Every structure is written in structure tokens, then in C-alpha cells.
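Survey of secondary and tertiary structure
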2 protein chains.
Amino acid sequence: MLQRFAENPLIEPEQVTPSREDFEVVCAFNTGAVRLDDGTVLLLMRVAERPRAVPQDCAAAVVSDFTAGQARLKVLRVHKDDPDYKPIDPRWFAYRGQRYLTSLSHLRIARSRDGRHFEVDPGPAVSVEQPYEEFGLEDPRITRIEGRYWITYTAVSRHGICTALVSTSDFCNFERKGVIFAPENRDVTIFPEKVGGRYVCHHRPVPHAIGEASMWLAWSDDLVGWGGHCWVMGGRPEQWDSGRIGGGAVPIKTDRGWLAIYHGADRQLRYCLGAVLLDREEPGRVLARSTEPILAPEADYETQGFFGNVVFSCGAVVQDELLTVYYGAADRCTAGASVRLAELLDHLEPV
Amino acid sequence: MLQRFAENPLIEPEQVTPSREDFEVVCAFNTGAVRLDDGTVLLLMRVAERPRAVPQDCAAAVVSDFTAGQARLKVLRVHKDDPDYKPIDPRWFAYRGQRYLTSLSHLRIARSRDGRHFEVDPGPAVSVEQPYEEFGLEDPRITRIEGRYWITYTAVSRHGICTALVSTSDFCNFERKGVIFAPENRDVTIFPEKVGGRYVCHHRPVPHAIGEASMWLAWSDDLVGWGGHCWVMGGRPEQWDSGRIGGGAVPIKTDRGWLAIYHGADRQLRYCLGAVLLDREEPGRVLARSTEPILAPEADYETQGFFGNVVFSCGAVVQDELLTVYYGAADRCTAGASVRLAELLDHLEPV
């Protein structure tokens, strides 16, 4: 359904300057996206780094030490022969019963005039500062509300995977608003305007004893305190989104309702993109949904990378009724694809 | 540390009238507690019921059907020989990949003049009405704020274990405020007054990929939308609270700080009660904590029941500096125990 840009990948990790000399950038992906008033497309990327020069027989994680009051990064290096070391997948390992990420992520800005050729900032925009983000900041989503930008991001620490919020008016100064969703919860997309007088967002809690990782909705008066949680939709058995699903790009208001791009994974962790149309006044009500993925990992840069067979979006922009979806490919690089809004809406199956 | 009442158990399931003729009451436990202005001690109990006359070779669950717009209870009966049936423990079974509770709980009022002899209402106070509580309402905690009572409770549905809120001024009319914490989250205790101008509560999210079930804090302006989540304390390795811990009774303001009764389980799911003292102005800061349990399951009614070796509190009252903790014993009945506040506070170890 979505047409890939010929320029793909748009941003590769090799283009991104590491934040420290002893680090290398391994992934530049999962970008929030917004079109600024001057027409610039601004992407806020998740940039994942790892320590350089780690011997083949070692695993390493960057961890943050807050004992001196502010974050100081330290490298934890573990020999793979260590009986306390347990590999999980390229993204994780466990050591002495604690899970660690193999990379540390921060948020970095890239800008483009045409939405296809990007210039990446030389340094981070938002990086580890608080204990709740000691293992990194991931997957930002940008919502513009009355001239101010509200950015949700995944904050990872030893205590869990949460969603936190920062706001900015200029993408230079960022104001932290703390953790808005307790663990485990990510994929939070705030709608760009109030619905029925209140702010609303999608979020994706991961239940434990009962239930599946599904999309929920919550309401707020101030974007910081969220309540009125209700379940919106879950995975569909035996389909491409039978495993976990979650919000992708910030929902887009259309004549027919709220259009949301979401991701769905199957049990083999193949991540595709789908779309869903929600009622304009009751955004918890699903009107239509894509039966087939609107984008599935097929190109080389989508099937092979840091974690293969993944397309995952955190942002999209609309201009002249053309929807451009930016997405992370194989958890490694950033790509883009587009479709006419009307064509996408026509394609959704009424529920 | 706590002295059990000689009258224990105070309330047993046999004393409680079933809500339907075809049900039997199996548990009457985990009571929120409050002292009313006229001196009455009011307990709001979790009453668990199951269908009568289920053959030995069958498992049964009561489920709620909302297709007609309002809740209609139905009994799901499964033959234990069914290859799709999987027993878990006395509280749960799985059928066709979905978990079910073996009982359905509602909230029921009991009243006492002396805090030891209780009269139980003939019918439920709050019972299944919303899809998010289709598998029942559990473990209420009552907070009185300026003459109104705010009751958090565990709402269980196929989508997960959440915390919802109702409020009342008279314990006759209850106003639902919806789900305030998305799954998996329970053991929510709202502090009885604002701290630094905002409402505050303890909650207990259960992380998935990383982290342990621990006590967190959140802030609110209206008791419905919650944010500013921060981790407060977790289990202690190799101790009685090495497994999951969570809030118990609503925190009590003392000269030395906020006193909270909490529960902790070890890896064998033996549940004990502990106490923690938190800073009056910064309730995320732990000042002191009990090294040993203040109550451990030892009495017969605590070690044997629906789920043995459990003491679990949802409420306590204070009068004349005497703290009375009401608690569920062996997930079956309600008991009480008391201690002088000063004695309990002296017993806590500074952290």
C-alpha cells in the first residue's frame, strides 16, 4: 500500500556522529516527525550507541550512575563465558538476573527541506538525565498542540519500561514532565487536539497475569496526569498482527475520523505497519482497520539489520493530502514511504 | 509485632449471604476500612462467589456478558479432561489460551460498633457493571478526603488487571470514575490529604521485560488522572518480601512521616505484612522500614484456606494512637490485629 522512497534508507547509522569518542552509532531509527511552519521536516531519531572496541568474546552495556547526583555513563563489560551471562537477542542480555540493553539510546534531530534528504545534528537533543531513563530514551512521538511540541518517549531503567514526556517550543530547550505511564507501557501517541474537551492518547500497556499487549486510550486535562483508560484494540489471531500491537505515528484528523498508523508483530516478531480509523468524537471506537499490512518488511534494509524483519513507525507528516510515513527499518536505519490519504482510507475494511 | 484479636476470624464466608441463589460465597476478605463520624467501623469487603453444584470433574468461572448493553452473568463450565483446560492454582485456570478466575468478586459492606463484631450487608455494594470489571472487583481501599470517600479497587477483565475508582459520600450511592491505572496495576492507596498541593498515591505496576513488581508513587490534581510516576521501593533479595510487594492500608499521617502498611511475598508466595515510614513532604523518600514482618501467617485461619499462607491488608483504622489493621487471611476470611502506633514506629529500621 505504502510506496517506498527511492532514496531509502534516508538516514543510516554511519551518517550519525557518536555522542562520545569511545562510542559507535549502531542504529538511527524510529523517528518522531513533524513539519515546522517554515516547511522543514524535522525528525527526532532514536540513536543507539554502543562502546567501541568490545572484544568478540564480551558483551557490553552502557549504564548510568547517578550516585554523584547527575548521570555518569559507565560501561559494563561481561565475558560471554561468565556463568552469570545469558544472551537473549541482539537487543538484550541478562547478567546476574538483571536485563541489560546492548546499546544506549538518545534522541537526535535531523532536518530536511524536501522530506527525503536529511541533515543530522552533530549531538543529542535529549539524552540520559534522570534515573527513570538510565538505560536510555527511545521511540519519540511528537505532537504539536497550539504551537508547542509534546514529545513522548520510552524511558528504560532497571525498574521497567515506561513512557515519559518532554515539551519544547523550539527543539533547543526541552522541559521534562516526568513519567506519564508506569511500566510496562510504551508506544504513546498524543492526539493533536482535544476531543470532547480533553486531551487523549493511545498507549500500549503490557499485562502480566491476564491479557495481551494491546492498544488502549487515556484522557488528560494537562497532558501529564492520565486516566479513564480503556481498551481499544488488540492483535488478531493467526494474522500478521497476532502478537503485540501498538501505536505508531501520532493520529491524523481526517474527514472520516482519526487515522492512526500502528505496528503489529506476529509470534515470530516480524513487525509490519497497519492503519486504523477511529471515530472523531469517540476515538475509542474503531470504524475501520487494514486487513493486510500497509507496509511489510521486504526491502533488504528492512529484512536485515540490527533486528531484522521490522518496519516500525513513530511519525508521519501530511502535505497536500499525501501521507508520508517515516519508519525504522530492521531496527537500524530510517526510511520513508508515502500514500495518498484517500487511497489509504478507502483501503481500510469497516469493522 | 501486631497482636491478633481474640475474636478472629472476624468475618467468615459462611456468614455472608450469596448475591444469587445459585452462587455460594467462598471468600470474604481483603477489606478496605474506615471509621465513620459516628464511630462505626465500616469495612468494604471483597466477597468471592462461585456457582453451586459444579461437579468435581469440572472447573467453572463466572463471566459477564455485555452484548445486551449491561452485565449479564454467565457460568463457563469446563470438563477437567478437556485438552484445552489447564489448571493453574486455586485462584485461576486457563481455557483455550484465556485465563479465568475460579470465583467472581464484588464489594460488600460490613459494619461494627466495636471494630470486632461485624454485621454484613445482605447484598453487594458495588458489583460488575462495566466491561473493565467483567471478571470481578477486588481489594478495595477507602480514602476519606474532605468528607467524601474515594475507593480504589482492582478491576479484572480479559484485557488485564487494572485499578478503577469509585467515590461515595454515603456508602449507598457510588459514582464510577473509570480505570485510573492501566494493566497490570493494583494495590493502589490514595493518601488522605494533598502533599505539596497535589494528591498522591502508591501503586504497584507489574513490569514485563525488565523490572520487578514494586511500589511506585503517582501524583494527581483530580484523583482521576495520574502522572509523575516514580519508583519508591522493591522487594529485598532473600528476605520475606523478596518477591512482589505492594501497598496495603491507606497511608497514615504521623508526626514522624507517612506510615504505610504493605504486603510482601516471597518466592513461595507466602504473603506477610510489613510497614514503611515515608517523608511527610517527599513521600517517595523511604525513611524507615520493618526488617521482619509485622504480621506473618501463623494462625490456622492464616495458613489454611482458599490460598494458604497469606495475610493481606487493604485497610486500617487508628483511634487513641492504637492502630487496628484489618486483613484477609488465607484468601478466605477477615481478621484484625492491633499495635500501638508509637511501638510500631519505634520498631522500624532507619534506611
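Residues numbered from 1 in each chain as written. Chains lettered and ligands numbered in written order. Predicted model: local features only at pLDDT ≥ 70, side-chain atom pairs only at ≥ 80, totals over all residues. Heavy atoms only, no water.

With that settled, consider the overall build of chain A. For chain A, the count of helices and strands is two helices and 27 strands. Taking 351 residues into account, the globule formula puts the C-alpha radius of gyration at 20 Å, and chain A, at 19 Å, falls close to it. A burial count over chain A gives 62% of its 351 residues as buried. The long-range share in chain A, meaning contacts at least 24 apart out of those at least 6 apart in sequence, stands at 52%. Split by element, the accessible area of chain A, about 13,600 Å² in all, is 44% carbon and sulfur. In chain A, 39 side chains carry a positive charge and 49 a negative one; their mean positions are 3 Å apart. (Helix = DSSP H or I, 4+ residues; strand = E, 2+ residues; numbered from the N terminus. Rg over C-alpha atoms; globule rule 2.2 N^0.38 Å. Buried < 20%, exposed > 50% of the residue type's maximum accessible area, 1.4 Å probe, protein only. Contact = heavy atoms within 4.5 Å. Areas by Shrake-Rupley, 256 points an atom, 1.4 Å probe, with all protein chains shown as cover. Lys, Arg positive; Asp, Glu negative; His and termini not counted. Charge placed at Lys NZ, Arg CZ, Asp CG, Glu CD.)

Here we take up the pairing of strand 11 (residues 137-145) of chain B. Residues and elements named next belong to chain B. Of all nine residues that make up strand 11, eight are buried, and the element is covered over most of its length. As defined by bridge partners, strand 11 adjoins strand 12 (residues 148-157) across seven bridges and the pair is classed as antiparallel. Residue pairing across strands places L137 opposite A155, the latter belonging to strand 12. The hairpin turn running from strand 11 into strand 12, its antiparallel successor, is two residues long, and E146 in that turn takes a positive phi close to 45 degrees. (Pairing = 2+ DSSP bridges.)

The next subject is the packing of aromatic side chains. One pair of aromatic rings is described through two measures. These are the centre distance and the angle between the planes. If you walk through the whole model with that rule in mind, you get 20 aromatic pairs over all chains. An aromatic cluster of at least three residues, connected via ring pairs, comprises A:Y85, A:F93, A:Y100 and A:F135. The ring centre of A:F307 lies 3.9 Å from the NZ or CZ of A:R91, which sits over that ring. Above the ring of B:F5, the side-chain terminus of B:R116 is found at 3.7 Å from the ring centroid. (Phe/Tyr/Trp six-rings, centres within 6.5 Å; stacked < 30°, edge-to-face > 60°. Lys NZ or Arg CZ within 6 Å of the ring centre and 35° of its normal.)

To continue, consider unusual backbone geometry. All names here are of chain A. For the bond from P183 to E184, the omega torsion is -15 degrees, close enough to zero to count as cis. Mapped onto the elements of the fold, E184 is located in the loop between strand 14 (175-181) and strand 15 (185-190). Phi is positive for A330, which is not a glycine, with a value near 50 degrees. Relative to the assigned elements, A330 resides in the loop between strand 25 (322-329) and strand 26 (333-340).

Turning to the pairing of strand 2 (residues 23-35) of chain A, a few remarks are in order. Within a regular strand, the side chains alternate between the two sheet faces. Residue and element names in this part refer to chain A. Across the 13 residues of strand 2, eleven count as buried, placing the element largely inside the fold. Pairing of strand 2 with strand 3 (residues 41-51) involves ten bridges; the strand directions are antiparallel. If you follow F29 over to strand 3, its bridge partner there is R46. The hairpin turn running from strand 2 into strand 3, its antiparallel successor, is five residues long, and G39 in that turn takes a positive phi close to 95 degrees.

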